[in-house]
Every structure is written in C-alpha cells, then in structure tokens.
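The lines below spell out each chain.
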Amino acid sequence: MKKPNENVEPITKGPQKSSVRPYIEWEKDLPKGGPYKGAQFGILSKLNGTWVNWKDGPTGLHTTPMPSPGTSSETIFGVFHFKSQEYTEQLKFTQVNAPVRNRAGSNEQFNAAVKYETAIIDTDGDLQHFEDGMYLWLGDHDMPWKDKSPYQNPPTMFKHTSDADSVKTDGGEPVIGPGELGPQFVPPYQISRSGVIPHGTTIHLTGNITESGEGKAPHIANLWEQQYLAISPSMGIDPETDLIAGSRKKPDWTKLPREAQNPNGGPGNTGVNSGRAYFQKIFNYDEFGAKFPYTVQPNLKLTDANEKLKFKSYDMIELDSLHNTGVQGGIVNNVMIERYCRVARMRYRMWIEEVFDEEFGGLIEQLQYEQIVDFEFQFGATGGTTLWPHIQVNTLRRLKDIPENRRLDLIQLPTETDAPEVASKKSLGTVCPVMGHSRS
C-alpha cells in the first residue's frame, strides 16, 4: 500500500523550468547577416508604395467641427461651424531597410521603420491636408515566440546577458557580474505610429493587428454605432431616440427649423436649445459632395465601397492614443490648439485587403482607413466640455494597379523649391497653400 504523497516529487531549492520560451541571445553580427539581414517589417511590409484614389472610384470624406467666429472657450454649448467634404488622397509608404536598435540592458529590440507621407486635396483641387510621420513594427507581442510565425521570424526581440567584456567596459563590479540577465520584456503592442500635423499637433498611437479574415469583406461597423458617429453623447444627441434603428432614412425632426423644435418636450431631446436644434446642421449638411448619412456616420462610405467586391483576405490594424491600462500613446498640441480646440484623443483603423476586380486586372490590393480625432471645445450638454469627433475615411488602391485611363493627376505640395525629378512629374498646377478645410 502506497504511503501518502509517495509519488509526489519533493520541492527543491533548484531553479524551476519555465514554460515560457526565452528570446534568443543577441550576438554582435546577428541583425546584419543571414535571415536577419535588413529589417523585419511584419504586416507593415504590405504597405510599401503609393496608394491613391481613382477616377469614378470611391472618394475620401471628412467631417470637421470648428469653433464659430466670435466664440471662445467659455461660450455655451452648441455654437459651432461644421464642414464636411469629399476628397482625394496620395498616401506614400517608404520602408527604411535598416533595423533600428533599442538597448534596454537585458533586452534588445530592433524596430522596423516605414515612413509615410500623405497629401489630400478637395473636390476643387485645393490643398486640404498634408502630414508625414512613421510607422514602426515593434515585433509580435506573443510569448513564447514561434519559429513559424510570419511576424516573429526573424525575431525583433533578443535577450542580452552580461559578459566579462560588458562588465569591464561598463564598470559593472560590484553591482553586476558576467552571466547575469534581468526580466524579459514582452511588447504589449506590435505597431506604433507617430505623425506631425501642421495645425500644431503631434500624435503617437500604439496598437496591434486585431482581426484577419478570408473570403469575406471586413465588417466595418453597425449602423448608428455610437463610437463611430460624428456626434458624441456630450452633444445631446441619442442614436436610440434621434435616429431610425436599422434604417438610413433621415429622421423627420431634421426637417423642422430650429425654432420649430418642440419646446415642450416629447420623444428625444427637443427644444430650441436642444441637441436636435443645434446639431441638425450635421444631418442636413449638403455641400462639397458630403451629405447624410455620411456626415453622421462617415464609415458607411467604406461599407458601400466594398458592397460589390469579392474579397480574398483582409487584415485590420487598430491604433489608439489612449488605452485602458498600461503604457499610453500621446497627443501634444501647440498652445492655441490646446486652449481653444484641444485634440484629446485619436483612434485609427486600417484594413489591408486583397480584392478581385477584373477591370483592374484581377486580384489586387486595397487599403481602407478610418481616423477619428476627438476635439474638445466649449461647454457640453452634461456640463463638461463638448467632445467633437473629427473623422476621416478613405478607400485607396496602389497607383501601379490603376489603369492609365483611371488615374488622377499626382498631387504636388507647393513647396518653395522642388527637386528636378519631382518637378518633371505630371502634377496639379493649382494647389492652394491654404488648408482648405479651415475655410468656410
């Protein structure tokens, strides 16, 4: 008869075997030769090149709320200027084929950098926006890392153990000796994006590949899903009572002038000083190719662009300047922007897609994005500050895949001097140096 605990191994003071496979050891020439030559871009390798709109194809669209002339940060809720507009874009990504080394003691990280430049013009050919920045591939955040992972092999993270040379060179004794290694860092995010916006805002977003699909189009959003609307809860509009569930039909209350909104209450938020009275201009807007329902939910343009397409695959990237816990991204504003129209948060979704289009030669790549920037200015319906979503959406394809007869003119920024190779390209002759969406 067995005694109690007879088959139980005794607890020892020796080191226990970890279930987590550690990073491989960094070596001096590791990133330079063999499979580590160049940089490891992960999913960002699918971006390299120039992406554009095309003739008779879907256009981009923005919604932009702005402080009204004569108002200030102390003005009461609801007085604002609103502009929405279709646009065309030229978005260029450039891989920098050299790994960027980050040293963190016990860890080594090698970032892969992809520069981006975007230029946007409105339907009149005037410059609406330009921006440049960088995407970084930080490495797959799964542990243990896997040899066959398309995003971890070759790896971007290494462990770096102290040795006799490092201890001597860096004055390690008596604090640290050869053969020592601290905790291993697991990146919480795969991707970061930094950008400089000429209005006076610098952004830093982080995030991951959050969804992939085969043989179907991505689900962009539900109809009237609050988080994707150009109206926020602080504006006094409630999608459940002020919009028609399951229908793109414009609600009847939007047909009434502000003075005719029911001041005695009733269904939803009514009255001359209500959200309905102030914000019906967003519902009734009809200029520059922008109108309902896209002025209320811009990403419906992405859904509509995909309606008749056959999809082979897609990957979705989600980035945010704000996370519930842990390391954050960030928004830095110039003084005037911070005080009078503060950019508080930015969310970004990008879909990298493979679609079938016989007119374009069969299987091609498509890029779609949605960018939501939260402005804050003036008092809100709840007594706090109003949150105003500034939203951009667009559907783009690679310039090289677009037939010659469907291509739009290239966009050239009106810089003071142009390099000869740029000046020789076919470009727009009239690009206004004033940002178009800042004008009424």
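This report concerns the structure included in the present document. Predicted model only: the values in this text are computed from it and were never measured.

Rules and cut-offs
- Residues numbered from 1 in each chain as written.
- Predicted model: local features only at pLDDT ≥ 70, side-chain atom pairs only at ≥ 80, totals over all residues.
- Heavy atoms only, no water.
- Helix = DSSP H or I, 4+ residues; strand = E, 2+ residues; numbered from the N terminus.
- Buried < 20%, exposed > 50% of the residue type's maximum accessible area, 1.4 Å probe, protein only.
- Contact = heavy atoms within 4.5 Å.
- Areas by Shrake-Rupley, 256 points an atom, 1.4 Å probe, with all protein chains shown as cover.
- Polar contact = N/O pair within 3.5 Å; in protein donor to acceptor, adjacent residues only side chain to side chain.
- Salt bridge = Lys/Arg side-chain N within 4 Å of Asp/Glu carboxyl O.
- Pairing = 2+ DSSP bridges.
- Core = buried A, V, L, I, M, F, W, Y, C linked by side-chain atoms within 4.5 Å.
- Phe/Tyr/Trp six-rings, centres within 6.5 Å; stacked < 30°, edge-to-face > 60°.
- Lys NZ or Arg CZ within 6 Å of the ring centre and 35° of its normal.

Points about the overall build of the protein
Next up, step 1: Assigned secondary structure in the protein consists of six helices and 15 strands.
Next up, step 2: Evaluated residue by residue, the protein yields a buried proportion of 47% over its 440 residues.
Next up, step 3: Within the protein, counting contacts between residues at least 6 apart in sequence, those at least 24 apart form 70% of the total.
Next up, step 4: Put simply, the protein shows about 22,900 Å² of open surface, and 53% of that area lies on carbon and sulfur atoms.

With respect to the environment of Ile191
Next up, step 1: Looking at the secondary structure, you find Ile191 in strand 7 (residues 191-197).
Next up, step 2: When sequence neighbours within four positions are dropped, the list of residues in contact with Ile191 reads Ile43, Leu44, Tyr135, Leu136, Trp137, Leu138, Leu205, Thr206, Gly207, Ile209, Ile317 and Leu319.

Describing helix 3 (residues 275-284)
Next up, step 1: The element helix 3 is extensively covered by neighbouring structure, given that eight of its 10 residues are classed as buried.
Next up, step 2: Listed as buried for helix 3 are Gly275, Arg276, Ala277, Tyr278, Phe279, Gln280, Ile282 and Phe283.
Next up, step 3: Against the buried residues of helix 3 lie strand 3 (80-103), helix 2 (239-242) and strand 15 (385-398).

Concerning unusual backbone geometry
Next up, step 1: In this chain, Glu173 is followed by Pro174 through a cis amide linkage whose omega measures 0 degrees.
Next up, step 2: Non-glycine residue Trp224 carries a positive phi angle of around 60 degrees.
Next up, step 3: Take Trp224: it is sitting in the loop between strand 8 (201-214) and helix 2.

Concerning the side chain of Gln128
Next up, step 1: Note that Gln128 resides in strand 5 (residues 127-137).
Next up, step 2: Looking at Gln128, its side chain comes within polar contact range of the side chain of Gln85, at 2.9 Å.

Digging into the pattern of salt bridges
Between side chains of opposite charge, a pair can form when the charged atoms approach closely.
Next up, step 1: Counted by the stated rule, this structure contains 16 salt bridges.
Next up, step 2: Of the charged contacts in the structure, one is a salt bridge between Arg248 and Asp304, with a shortest N-O distance of 2.9 Å. One end of the pair, Arg248, is in the loop between helix 2 and helix 3; the other, Asp304, is in helix 4 (residues 300-305), and 56 residues separate them in sequence.
Next up, step 3: You can call Arg248 partly exposed: its relative accessible area is 33%.
Next up, step 4: Two residues, Arg406 and Glu359, come together in a salt bridge whose shortest N-O distance is 2.2 Å. Of this pair, Arg406 sits in the loop between strand 15 and helix 6 (420-423) while Glu359 sits in the loop between strand 13 (342-357) and strand 14 (362-379), and the two are 47 residues apart along the sequence.
Next up, step 5: A relative accessible area of 11% places Arg406 in the buried class.
Next up, step 6: When salt bridges with common partners are traced through the structure, they connect Glu338, Arg342 and Glu376 into a single cluster.

Side note on the pairing of strand 1 (residues 49-52)
Next up, step 1: Summarising the sheet, strand 1 and strand 3 pair through four bridges and their orientation is antiparallel. Across the sheet, the residue bridging to Thr50 is Lys92, located in strand 3.
Next up, step 2: Of the pairings in the sheet, the one linking strand 1 to strand 15 comprises two bridges and is antiparallel in character. The residue bridging Trp51 from the neighbouring strand is Arg398, located in strand 15.

Brief notes about the nonpolar core
Soluble globular proteins tend to pack their nonpolar side chains together in the buried interior.
Next up, step 1: Leu44, Phe93, Tyr135, Ile191, Met350 and Leu367 are the most contacted members of the largest nonpolar core, which has 67 residues in total.
Next up, step 2: The contact partners of Leu367, leaving out residues within four places of it in the chain, are Leu47, Trp51, Leu91, Phe93, Met350, Trp351, Asn394, Thr395 and Leu396.

Describing the packing of aromatic side chains
Next up, step 1: Counting across every chain of the model gives 13 aromatic pairs.
Next up, step 2: Centroid distance Trp224 to Phe292: 5.7 Å. Interplanar angle 35 degrees. Geometry classified as tilted. Residue Trp224 is located in the loop between strand 8 and helix 2, and its partner Phe292 is located in the loop between strand 10 (290-291) and helix 4; the two are separated by 68 residues in the primary sequence.
Next up, step 3: Among the residues examined, Trp224 registers a relative accessible area of 8% and is labelled buried.
Next up, step 4: Looking at Phe292, the relative accessible area reads 11%, which means it is buried.
Next up, step 5: Taken together, Phe80, Phe279, Phe377 and Trp388 form an aromatic cluster joined through their ring pairs.
Next up, step 6: The residue whose ring lies beneath Arg193 is Tyr348, and the NZ or CZ to ring-centre distance is 4.6 Å.
Next up, step 7: Stacked on the ring of Tyr294, the Lys or Arg Lys301 has its end atom at 5.5 Å from the ring centre.

A word on the environment of Leu136
Next up, step 1: Take Leu136: it is sitting in strand 5.
Next up, step 2: The spatial distance from the C-alpha of Leu136 to the C-alpha of Leu44 is 8.1 Å, given a sequence separation of 92 residues.
Next up, step 3: In this view, Leu136 contacts Leu44, Asn111, Ala112, Ala113, Gln190, Ile191 and Ser192; residues no more than four positions away in its chain are not counted.

Observations regarding the side chain of Ser274
Next up, step 1: Inspection of the secondary structure puts Ser274 in the loop between helix 2 and helix 3.
Next up, step 2: Separated by 3.3 Å, the side chain of Ser274 and the backbone nitrogen of Arg276 make a polar contact.

Let's talk about the pairing of strand 5
Next up, step 1: Pairing of strand 4 (residues 107-122) with strand 5, which is carried by 10 bridges, proceeds in the antiparallel orientation. Of the residues in strand 5, the one forming a bridge with Ala119 is Phe130.
Next up, step 2: Linking strand 4 to strand 5, which pair antiparallel, is a turn of four residues; within it Gly125 sits at a positive phi near 85 degrees.
Next up, step 3: Strand direction decides the pairing type here: strand 5 and strand 7, joined by six bridges, are antiparallel. Within strand 7, the position partnered with Asp132 by the bridge is Val196.

Purely geometric stuff here, so don't read any function into it on its own.
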